[in-house]
Amino acid sequence: MCGIVGLFLKNPALSSSLGSHLKTMLIGMTERGPDSSGFAVYRADQPAGFSKITLYHPDPAYDWPAVAAALDPAAKITVNASHAVLSAPGAAGDLLARLPADVAVMGYGAEIEIYKDVGLPEEVADRFGLAEMTGSHGIGHTRMATESAVTTAHSHPFIAGPDICLVHNGSLSNYNRLRSWLIRRGMTFTTDNDSEVAARYVAFRMGQGLPLREALKAGLRDLDGFYTFAIGTRDGFAVLRDGIACKPAVLAETDDWVAMASEFRSLAALPGVDKAKVWEPAPGVVYSWSDESLEQAA
Amino acid sequence: MNATADPVIVDLAEASVRDLNQRLHDLDDDGPRDWRVINPRGQHAIAVGLKYPAKIVIDGPVGYYCGGMNMEAEIVVNGHCGWGVGENIMSGIVRVRGNASESAAATGRAGLVVIEGDASSRCGISMKGVDIVVGGSVGHMSAFLAQAGRLVVCGDAGPDLGASIYEAIIYVRGTVESLGTDCIEKDMTDDHRAALGELLARAGIDADPADFRRYGSARQLYHFKVDNADAY
């Protein structure tokens, strides 16, 4: 069992409270996932031409400024507990290739920051100061591990591509074979987690040129198992449940925000939820939000 | 008995669900009959395991298993509910004024579950005698393995309705996307229409029994087929 949440703010005036709402939503899913927790927050705070990379190292005394200094004189690094957010000019892909081998990449892109760690959702949220974070949207995960170790690296969200990440409630049954299939096609993996396979699969399909919606629809055919996914993108997020809807999900929308959660509990404290349209996403249907509008496709 | 007093109000922003349920379990003939629960905020297992004919009105959305194992009580949810509302209900009434998520009234033995909105997938899964009336539509695999009782759907039914059904009866007013294994349409007799009319009236749902079609078991899965002996 795991819990997943997502929040997209339609009203930019709410962006200063994104983190506090996301924290409350994560805590609402504590019983579904007390092992570890993580979240992705999107905010456009970079100069033009800069990329943002979230890094992790277990050593609290790790020399993060040296990482930035070795990359570029204009690079900046902001340490946040065991994580650090690197801001540097250039494409994320080029920067990733020049990072020291002993740091782990949690996320990369223009707007995404990913923080994840072992512990109760409230502890993890407090460790990284989630409540004070601003942004346009975010997704989160609380984990109750069933098939791989409980570590920072095994926690969700998993980065799938620039500004694209995935959280998963459920378990996949064909992930070993699918991982081999993806490795043969050039994808690399950092854990033995089934959800990472889903993230890499989405990245692979999008690398083939498919838009997110089509990549997810291809996943309906290729991913065997049960799942609810939430996928964060630069301009919104998407939700997909497996074809027989083994895992729960609730969606809610007001004029100010769109939210999803495994259970209503995590939506109960959102402002104006009493008047929100609340519904259950149908199985096998991709729901996505962006700056444009809600889209829905079977 | 205390039938005319104001309802007892329990605020779940203050009290725990465990406290509420303990108070409801401790009821006896002298206890208050009318209860109002506020700020449920989607919490699970609200008003589960009641054994006394009290009326519990819950103002707002509830989580999983609300009204589960209910005996005698009347439970009304003024909101949506999560998975397994009225699960294994034994008697009494559970009424949801919004929509219900998956597995509504699963394994229910008797009593009545009314969903005034839509119910999601697996509504009435393995039902064993409960009557379920859904004002809207139901999702896929509803009445899966249904053994006894009646499922009434005033809207449409999703795929695989009544898969592997035993002796439960299904009435659907709208369209059925597909019937599950061993589920077939059956004749609607005057007796069925009269019984359905009585059930709809009891559920407080305004619908004409003449508009419904009846579905049930083809009874082809009950026994081993000797034609398959060669497979072993």
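Residues numbered from 1 in each chain as written. Chains lettered and ligands numbered in written order. Predicted model: local features only at pLDDT ≥ 70, side-chain atom pairs only at ≥ 80, totals over all residues.

A. Broad picture of the overall build of chain A. Along the backbone of chain A there are 7 helices and 17 strands. Relative to the compact-globule value of 19 Å for 298 residues, chain A shows a C-alpha radius of gyration of 18 Å, a close match. If you line up chain A on its principal axes, its C-alpha atoms span 50 × 45 × 35 Å. Intrachain contacts of chain A at a sequence separation of at least 6 include 72% that bridge at least 24 residues. (Helix = DSSP H or I, 4+ residues; strand = E, 2+ residues; numbered from the N terminus. Rg over C-alpha atoms; globule rule 2.2 N^0.38 Å. Contact = placed C-beta atoms within 7 Å.)

B. Spotlight on the pairing of strand β10 (residues 164-172) of chain A. Residues and elements named next belong to chain A. With 8 of its 9 residues buried, β10 lies for the most part within the structure. Sheet topology places strand β9 (residues 158-161) next to β10; 3 bridges connect them, and they run antiparallel. The residue bridging F158 from the neighbouring strand is L166, located in β10. The loop that links β9 with its antiparallel partner β10 comprises 2 residues; one of these, D163, has a positive phi angle of about 65 degrees. The sheet contact formed by β10 and strand β11 (residues 225-233) spans 8 bridges and is antiparallel. By the bridge assignment, C165 is partnered in β11 with G232. (Buried ≥ 20, exposed ≤ 12 C-beta atoms within 10 Å, placed from the backbone. Pairing = 2+ DSSP bridges.)

C. Local environment of helix α2 (residues 190-203) of chain B. Residues and elements named next belong to chain B. If you check α2, its first and last C-alpha atoms are 20 Å apart, about what 14 residues at 1.5 Å a residue would give, namely 20 Å. Packed against the buried residues of α2 are β6 (112-115), β7 (128-134), β8 (148-153) and β9 (169-172). Once α2 ends, the next one or two residues include G204, with phi positive near 70 degrees. (Expected span 1.5 Å × (residues − 1).)

D. Fine view of the environment of E102(B). All names here are of chain B. Positionally, E102 belongs in the loop between β5 (93-96) and β6. For the pair E102 and Q147, spaced 45 residues apart in the sequence, the C-alpha separation amounts to 18 Å. When neighbours within four sequence positions are excluded, E102 is seen to be in contact with W83, S120, S121 and R122.

E. Main features of the sheet that holds strand β5 (residues 83-89) of chain A. Residues and elements named next belong to chain A. On the basis of which strands lie adjacent, the open sheet formed by 4 strands has the order β4-β5-β3-β6 and antiparallel pairing. The sheet is open, and its two edges are formed by β4 (76-80) and β6 (104-109), each paired on a single side. For this sheet, the mean angle separating the axes of adjacent strands, direction not counted, is 20 degrees. Against the sheet, helix α2 (residues 64-71) touches β4 and β5, its axis set at about 160 degrees to β4. (Axes fitted to C-alpha atoms, helices over the stretch in contact; angles between N-to-C directions.)

F. Layout of the domain arrangement of chain A. All names here are of chain A. If you check the domain split of chain A, you get domain 1 (2-41 + 115-297) and domain 2 (46-110). On a C-alpha basis, the centroid separation for the pair domain 1 and domain 2 is 23 Å. Contacts between the two partners involve 15 residues from domain 1, matched on the other side by 13 residues from domain 2. Counting residues per element, the ones that place at least two in the side of domain 1 that touches domain 2 are β7 (112-118) and α4 (121-128). No other element matches β7, which puts 3 residues into the side of domain 1 that touches domain 2. (Domains from an automatic or database assignment.)

G. The interface of chain A and chain B, seen in detail. On the chain B side, the residues contacting the 9 residues of chain A number 12 residues. Broken down by class, the residue content of the side of chain A that touches chain B amounts to 6 nonpolar, no polar and 3 charged. (Nonpolar A, V, L, I, M, F, W, Y, C, P; charged D, E, K, R; others polar.)

H. View of the packing of helix α5 (residues 175-184) of chain A against helix α6 (residues 194-207) of chain A. Residue and element names in this part refer to chain A. Interaxial distance between α5 and α6 falls to 10 Å at its minimum, and their mutual angle equals 40 degrees. By the criterion of interaxial angle, the relationship of α5 to α6 is oblique. In the packing of α5 onto α6, the handedness of the crossing is left-handed. Contact residues: α5 offers Y175, L178, R179 and L182, while α6 offers D194, V197, R200, Y201 and F204. Per-class residue counts for the contact of α5 with α6 are 6 nonpolar, no polar and 3 charged. (Parallel < 35°, antiparallel > 145°, perpendicular 65-115°, else oblique. Left-handed = near helix turned anticlockwise from the far one by under 90°.)

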